[in-house]
Protein chains: 2
Amino acid sequence: MAKENKISMEHGAGGQQMQSLIGNIILKNFTNTKAGSVGLEALDDGATIAFDRAFIAENKNAELVMTTDSHVVKPIFFPGGDIGKVAVCGAINDLAVMGARPLAVSSGMIIPEGFSIADLEKVVHSMNDALTEVGVPLITGDTKTVEGTALDSIMINIAAIGICDAPVRDCGLRLGDKIIISGFIADHGMALLTKREGFEFSSDLESDTAPLWKMIEPILSIQAAPGERAVTAMKDPTRGGVADALNEMAQKSKVGIRIYEEKLPIREAVVTSCEMLGLDPLEIANEGKAVIGVRPECAEAVLALLKQNTYGKDAAIIGEVVEEKPGKVILVSELGSTRYVDVPTGDPIPRVC
Amino acid sequence: MAKENKISMEHGAGGQQMQSLIGNIILKNFTNTKAGSVGLEALDDGATIAFDRAFIAENKNAELVMTTDSHVVKPIFFPGGDIGKVAVCGAINDLAVMGARPLAVSSGMIIPEGFSIADLEKVVHSMNDALTEVGVPLITGDTKTVEGTALDSIMINIAAIGICDAPVRDCGLRLGDKIIISGFIADHGMALLTKREGFEFSSDLESDTAPLWKMIEPILSIQAAPGERAVTAMKDPTRGGVADALNEMAQKSKVGIRIYEEKLPIREAVVTSCEMLGLDPLEIANEGKAVIGVRPECAEAVLALLKQNTYGKDAAIIGEVVEEKPGKVILVSELGSTRYVDVPTGDPIPRVC
């Protein structure tokens, strides 16, 4: 009987066993599967997404936004989430920080022979929960199995399609903009590291993995002037952490960014464990945060709106865009000294997203 | 020096090394990277696709089509193609058999530590060649690296977005329809098996991997009656081969399909090697073929159009849709005996797509 509870090569073979896996595990557990006339349950070669004709007609610059993310998280279950939740949230958040309302996602799973079917079902439940939270259908998918010697765990790709009136860019920062972070940093990477290595000193840390669209949608409507959005630039600080996100925004926007150590929301447990391990929390991955550039006169309004959402309740203004050192990020310490926040050269904690 | 020519974990870390890999290998080698205001070179959190407003306005039922496919091909280089070509063609063809013009694709790569950077560049070249052939931009991507112990070779996910006036379905077959296959069957699976196992008796076999949109686009315009498309159903017979594709079409359309052995285009080398290995060519994967249901009065016209395209020059009418045995596929042998073509229970040749 044990054999029946594990993935076998036949499950990915495009025949009867695969149809049963897809029917019993995938189809049964996704509750929202249509965005047009052809949905997931049709198991056709793809699925369709109807056009929002009213939105397209009203917004002359409206575009689709597409994003993709492959996830190789280890371990696949961790405090605060699992690979399924991270995969869905990663894609939804990439759309959200582009200012795009998510329309649909696809799922590409690669599963090693011997993988537990019960674990697969848990992962699928998590994917569905995250999608349900933001009302996004999973409309099409692909499932491959490979030999257990070829792959050590499940890998999930999520591609996502959204729609925006005008995309929010990395490169849109302007002098004087305030920089907001939507909550505590480095929780995701540190929770995974803690779980993986079995550290006891930070065992209550939880990943921040969350789908941010409902937090971000309201702030997109705030205008600094008629027709001028208050939000000028946005990124989700995943791999490479806040350090990488801020550097990209500074480089692409050709401005300097100054941030203040005392204003950074960091949990005490993260500070402690980073110190013990010699890690910089600014370089650690997040999966439920946004770094946001905002016109200064709207910063408090944006902050107040963010704080109304569960995922933004610890949001803070952490710095501003400055003329000095374009392309660089400067950290002002609590004692007033300054240093550059560099682009991370490597990954302090691999396989967290 | 050797170390520099291999992928290391830092290449996937979201920092400087990753930026250099993406700049030098990915960005440099994709020549068409924009479908809207934000393209691949922006390296933003996603990319945009402009709306074809004229097409949407003219076609009241127009929809987007989305598809995704993860590729785990072994070996990654084989006669007639490589994993990059298969990945792109697989996605383009899934759109094509839905009747959708491809608008853009995304790429999600997972690369094991130690993978050759020269091989990566070859794969990327193949992806670009296939995309160029059909004029489709690659607009966004994600690259992850994992430990060499975690994964035995590169894996590529391609998601694709297209647009159609009305999707062509698996379930659209009608009584009397002719069934067309666009060329020789089983070449892809047999070419990979031959290469992988080092069989000498079929060493001149080449994969049929090809992007089929330009072959399929013209036949979509043929009408059986005003407003009634001649093509009623379409599938690309990849995993599970023609046997799986026909069974799905028969089951979903609730009709019987009768095909004639003597009409099946199969190369002599494929027949011989399948016989030697005890394989059924109907169950072997193709990566450049379409199975097409067509209103009978238009079958010759569709066939003639297919034959004008390189990839359709060996197309043939192989059978028809019948009332008997709904949901079943019946093969009539050269001697006139009949048998069911079953849904394959497993995969005779794993990891071919």
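Everything quoted here is computed from the prediction, not taken from an experiment.

**Some words on the overall build of chain A**
- A tally of regular secondary structure across chain A gives nine helices and 16 strands.
- Taking 20 Å as the expected radius of gyration for a compact globule of 353 residues, we find that chain A reaches 21 Å, a close match to that expectation.
- Summarising its shape, the C-alpha atoms of chain A cover approximately 65 × 55 × 30 Å along the three principal directions.
- Counting every position in chain A, which comprises 353 residues, the buried fraction comes to 63%.
- Sequence separation of at least 24 residues holds for 84% of the intrachain contacts in chain A that already meet a minimum separation of 6.
- Carbon and sulfur atoms form 49% of the exposed surface of chain A, whose accessible area is close to 12400 Å².
- Distance between charge centroids for chain A: 3 Å, based on 33 positive and 49 negative side chains.

**A word on the sheet that holds strand β6 (residues 138-146) of chain B**
- An order of β1(A)-β2(B)-β7(B)-β5(B)-β6(B) is seen for the five strands of this open sheet, with the pairing classed as mixed. For this open sheet the edge positions go to β1 (47-50) of chain A together with β6 of chain B, each flanked by a neighbour on one side alone. Averaged over all neighbouring strand pairs, the angle between strand axes comes to 20°, with direction disregarded.
- Pairing of strand β5 (residues 101-112) of chain B with β6 of chain B, which is carried by eight bridges, proceeds in the parallel orientation.

**A short note on the UniProt feature "domain: PurM-like N-terminal" (unreviewed entry) in chain A**
- Sequence positions flagged by UniProt for "domain: PurM-like N-terminal" (unreviewed entry) are, in local numbering, residues 52-163 of chain A.
- Taken end to end, residues 52-163 of chain A is 34% helix and 38% strand, and its two terminal C-alpha atoms sit 9 Å from one another.

**Thoughts on the interface of chain B and chain A**
- Contact residues are listed per partner, giving 87 residues for chain B and 87 residues for chain A.
- Buried surface at the junction of chain B and chain A, summed over both partners, amounts to about 6500 Å²; 54% is from carbon and sulfur atoms.
- Contact with chain A buries surface across chain B, with Asp45, Met66 and Arg239 of chain B losing the most and accounting together for 13% of the total.
- Here chain B and chain A share 12 salt bridges between them.
- A salt bridge links Arg351 of chain A to Glu147 of chain B; the shortest N-O distance between them is 3.1 Å.
- Scanning the region where chain B abuts chain A turns up 40 residue pairs in polar contact (both at pLDDT 80 or more).
- Considering each element in turn, the side of chain B that touches chain A owes the most residues, eight residues, to strand β2 (residues 63-71) of chain B.
- Residue classes in the side of chain B that touches chain A are distributed as 39 nonpolar, 25 polar and 23 charged.
- As defined by bridge partners, strand β2 (residues 63-71) of chain A adjoins strand β1 (residues 47-50) of chain B across four bridges and the pair is classed as antiparallel.

**Observations regarding the packing of helix α3 (residues 83-96) of chain B against helix α4 (residues 117-134) of chain B**
Residues and elements named next belong to chain B.
- The geometry of α3 relative to α4 is characterised by a closest axis approach of 7 Å and an angle of 30° between their N-to-C directions. Handedness of the crossing formed by α3 with α4: right-handed. The residues of α4 that touch α3, namely those facing Ile83, Gly84, Lys85, Val88, Cys89 and Ile92, are Val123, Ser126, Met127, Ala130, Leu131 and Val134.
- Residue classes in the contact of α3 with α4 are distributed as nine nonpolar, two polar and one charged.

**A short note on the pairing of strand β15 (residues 329-332) of chain A**
Residue and element names in this part refer to chain A.
- Residues Val329 and Leu331 line one face of β15 and the alternating positions Ile330 and Val332 line the opposite face, and both faces are buried.
- Bridge count for strand β12 (residues 256-260) against β15 is four bridges, and the pairing is parallel. The partner of Arg258 across the bridge, within β15, is Ile330.
- One ladder, built from three bridges, connects β15 with strand β16 (residues 338-340); its direction is antiparallel. Within β16, the residue paired with Leu331 across the bridge is Arg339.

**Some words on the pattern of salt bridges**
- Counted according to the given criterion, the structure contains 48 salt bridges over all chains.
- In this structure, Arg258 of chain A and Glu324 of chain A form a salt bridge, with 2.7 Å as the shortest nitrogen-oxygen distance. Separated by 66 residues along the polypeptide, Arg258 of chain A in strand β12 and Glu324 of chain A in the loop between β14 (316-322) and β15 bring together distant segments of the chain.
- Residue Arg258 of chain A is classed as buried on the basis of its relative accessible area, which comes to 18%.
- Note that Asp142 of chain B and Lys144 of chain B form a salt bridge whose closest N and O atoms lie 3.4 Å from each other.
- For Asp142 of chain B, a relative accessible area of 7% puts it in the buried group.
- Because the salt bridges share partners, they merge into one network encompassing Asp45 of chain A together with Asp170, Lys235, Glu248 and Lys252 of chain B.

**Some words on the domain arrangement of chain A**
Residue and element names in this part refer to chain A.
- Assigned domains of chain A: these are domain 1 (2-164) and domain 2 (178-340).
- Placing the centre of domain 1 and that of domain 2 at their C-alpha centroids yields a distance of 27 Å.
- With 23 residues of domain 1 at the contact, the number on the domain 2 side is 23 residues.
- Around 2000 Å² of area is buried between domain 1 and domain 2 when both sides are counted, 66% of it from carbon and sulfur atoms.
- On inspection of domain 1 and its partner domain 2, the count reaches zero salt bridges.

**Topic: the sheet that holds strand β13 (residues 291-294) of chain A**
Residues and elements named next belong to chain A.
- Pairing is mixed in the open sheet, where seven strands are placed in the order β11-β13-β8-β14-β12-β15-β16. Two strands lie at the open edges of the sheet, namely β11 (231-235) and β16, each paired on one side alone. Going across the sheet, the axis of each strand differs from the next one's by a mean of 25°, ignoring polarity.
- Helix α7 (residues 241-253) rests against β8 (178-181), β11, β12, β13 and β15 of the sheet, and its axis sits at about 140° to β11.

**A closer look at a nonpolar patch on the surface**
- A cluster of nonpolar side chains, contributed by Phe201, Met276 and Leu277 of chain A, occupies part of the molecular surface with about 260 Å² of accessible area.
- Mapped onto the elements of the fold, Phe201 of chain A is located in the loop between α5 (187-197) and α6 (213-219).

**Side note on the relation of the copies chain B and chain A**
- Once chain B has been moved 0.0 Å along the axis and rotated by 180°, it coincides with chain A to within an RMSD of 0.0 Å. Here the copies are linked by what is in effect a two-fold axis. For chain B, the minimum C-alpha distance to the rotation axis belongs to Leu151 of chain B and amounts to 2.2 Å.
- A shared binding surface is used by both copies, with 100% of the interface residues of chain B retained as interface residues in chain A.

**Points about the packing of aromatic side chains**
- Summed over the entire model, instances satisfying the criterion amount to one aromatic pair over all chains.
- Between the aromatic rings of Phe51 of chain A and Phe51 of chain B, the centroid separation amounts to 6.0 Å while the plane-to-plane angle is 75°, which identifies the pairing as edge-to-face. Placement of the pair is Phe51 of chain A in the loop between β1 and α2 (53-58) and Phe51 of chain B in the loop between β1 and α2 (53-58), with the two residues belonging to separate chains. Here Phe51 of chain A and Phe51 of chain B have matching classes, each one buried.
- For the cation-ring pair, Lys263 of chain A lies above Tyr260 of chain A, with the distance from its terminal atom to the ring centre recorded as 5.0 Å.

Reading guide: rules and limits
Residues numbered from 1 in each chain as written. Chains lettered and ligands numbered in written order. Predicted model: local features only at pLDDT ≥ 70, side-chain atom pairs only at ≥ 80, totals over all residues. Heavy atoms only, no water. Helix = DSSP H or I, 4+ residues; strand = E, 2+ residues; numbered from the N terminus. Rg over C-alpha atoms; globule rule 2.2 N^0.38 Å. Buried < 20%, exposed > 50% of the residue type's maximum accessible area, 1.4 Å probe, protein only. Contact = heavy atoms within 4.5 Å. Areas by Shrake-Rupley, 256 points an atom, 1.4 Å probe, with all protein chains shown as cover. Lys, Arg positive; Asp, Glu negative; His and termini not counted. Charge placed at Lys NZ, Arg CZ, Asp CG, Glu CD. Pairing = 2+ DSSP bridges. Axes fitted to C-alpha atoms, helices over the stretch in contact; angles between N-to-C directions. UniProt positions renumbered as here; feature names shortened; annotations may be inferred. Buried area = accessible area lost by both parts, 1.4 Å probe. Salt bridge = Lys/Arg side-chain N within 4 Å of Asp/Glu carboxyl O. Polar contact = N/O pair within 3.5 Å; in protein donor to acceptor, adjacent residues only side chain to side chain. Nonpolar A, V, L, I, M, F, W, Y, C, P; charged D, E, K, R; others polar. Left-handed = near helix turned anticlockwise from the far one by under 90°. Domains from an automatic or database assignment. Patch = residues over 30% accessible without salt bridge, like charges linked within 9 Å, V, L, I, M, F, W, Y side chains within 5 Å. Least-squares fit on C-alpha atoms with pLDDT ≥ 70 in both. Phe/Tyr/Trp six-rings, centres within 6.5 Å; stacked < 30°, edge-to-face > 60°. Lys NZ or Arg CZ within 6 Å of the ring centre and 35° of its normal.

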